Amino acid sequence: GGGGRGGAVGAGGGGGVRAAWHRLSDTSCGATQMLAWAGGSGVNWFLGSRWLDALRWSVGEEVCRVYSVCESRVLQGMGIETPDYYLSIVEFGGGARAVIETCWILPESSPTVVDFKLEVVGEKGTFYYDPPPERLMKLTPDEISCVDTYACLDVYGRTVGFAVQSIHHCADCVRTGRAPLVTFEDGRQVTRAVLAMEQSAREGRPVAVE
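This structure is a prediction, so every number in the text was calculated from the model and none was measured.

Caption draft 1: Region of interest: the overall build of the protein chain. Helix and strand counts for the protein chain come out as six helices and 11 strands. Among the 210 residues that make up the protein chain, the fraction classed as buried is 37%. For the protein chain, contacts bridging at least 24 residues in sequence account for 66% of all contacts bridging at least 6. Total accessible area on the protein chain stands at roughly 11500 Å², and carbon and sulfur atoms take up 57% of it.

Shown next as structure tokens:
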């Protein structure tokens, strides 16, 4: 992460970011089985915060205003007091805008826990990330079973992949005393933006990130 690092898209030849669309959603097992504390948190803290930081890094600017809507229906019906999804329009200081979609109620029949896609439109180029379902699939006459190799693969006794590399990095920095790539200031800026998104959804209006 890091909003002050010059903008990864511009550095990659795409010019300044003008618009982006990011989706990071999970099946409902994230809230119902994996996270005992889901009712005390939310999909934007668990998933939206990651994309806010990724966008800060891509754009190279801080979030200045957000407009969010959410709905609490499916998970609430299961006794979990947390929103099912957020849809947010995020504006940055230099005028770039992004749509962030986060959801915690995708069907558990999905072959992978995570649905992850993005599109970043720059002044001189466009970047896409639309990965196929990265999974190991076994078919028998009686069943279909899948192992998610994207984030939860055990290699020689060590869990590797997208979802855990940041945890390994943080632990290694604590162990060695190195400064982490993502700083306290990065976390503070993302927290301010998520709080503004929650306020926006409650009040039904755009909210400035102050």
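Caption draft 2: Main features of the side chain of Asp 84. Tracing the backbone through its elements, the reader meets Asp 84 in the loop between helix 4 (74-77) and strand 3 (85-92). Arg 73 is the oppositely charged side chain nearest to the buried, salt-bridge-free Asp 84, at an N-O distance of 5.9 Å. There is a polar contact of 2.9 Å between the side chain of Asp 84 and the backbone nitrogen of Arg 73. Once residues lying within four places of it in the same chain are set aside, the contact partners of Asp 84 are Glu 71, Ser 72, Arg 73, Val 74, Leu 75, Cys 103, Trp 104 and Ile 105.

Caption draft 3: Structural detail: the pattern of salt bridges. Inspection of the entire model under this criterion finds 12 salt bridges. The shortest N-O distance in the salt bridge between Arg 56 and Asp 186 comes to 3.2 Å. Of this pair, Arg 56 sits in helix 3 (residues 43-59) while Asp 186 is found in helix 6 (residues 184-203), placing the two residues 130 residues apart along the sequence. What makes Asp 186 buried here is its relative accessible area of 5%. The closest approach of N and O atoms between Glu 91 and Arg 65, which form a salt bridge, is 3.0 Å.

Caption draft 4: View of the nonpolar core. One finds Trp 51, Leu 52, Val 63, Val 66, Val 90, Phe 92 and Trp 104 to be the most contacted residues of the largest nonpolar core, which totals 35 residues. In terms of residue count, the dominant contributor to this core is helix 3 (eight residues). If we skip the residues at most four places from it in the chain, Val 66 touches Ile 89, Val 90, Ala 196, Met 197, Ser 200, Arg 205, Pro 206, Val 207 and Val 209.

Caption draft 5: Main features of the sheet that holds strand 6 (residues 126-129). The seven strands are arranged 6-5-1-4-3-2-11 in an open sheet whose pairing can be described as mixed. Each end of this open sheet is capped by a strand with a single partner; those strands are strand 6 and strand 11 (207-208). In this structure, strand 5 (residues 114-122) lies alongside strand 6, joined through four bridges in antiparallel fashion. Looking across to strand 6, one finds that Glu 119 is bridged to Tyr 128. In the packing of helix 3 onto the sheet, contacts are made with strand 1 (17-27), strand 2 (63-71), strand 3, strand 4 (97-106) and strand 5, and the angle to strand 4 comes to roughly 155 degrees. Lying on the sheet, helix 6 is in contact with strand 2, strand 3 and strand 11; it crosses strand 2 at an angle near 50 degrees.

Scoring rules and cut-offs
- Residues numbered from 1 in each chain as written.
- Predicted model: local features only at pLDDT ≥ 70, side-chain atom pairs only at ≥ 80, totals over all residues.
- Heavy atoms only, no water.
- Helix = DSSP H or I, 4+ residues; strand = E, 2+ residues; numbered from the N terminus.
- Buried < 20%, exposed > 50% of the residue type's maximum accessible area, 1.4 Å probe, protein only.
- Contact = heavy atoms within 4.5 Å.
- Areas by Shrake-Rupley, 256 points an atom, 1.4 Å probe, with all protein chains shown as cover.
- Lys, Arg positive; Asp, Glu negative; His and termini not counted.
- Salt bridge = Lys/Arg side-chain N within 4 Å of Asp/Glu carboxyl O.
- Polar contact = N/O pair within 3.5 Å; in protein donor to acceptor, adjacent residues only side chain to side chain.
- Core = buried A, V, L, I, M, F, W, Y, C linked by side-chain atoms within 4.5 Å.
- Pairing = 2+ DSSP bridges.
- Axes fitted to C-alpha atoms, helices over the stretch in contact; angles between N-to-C directions.

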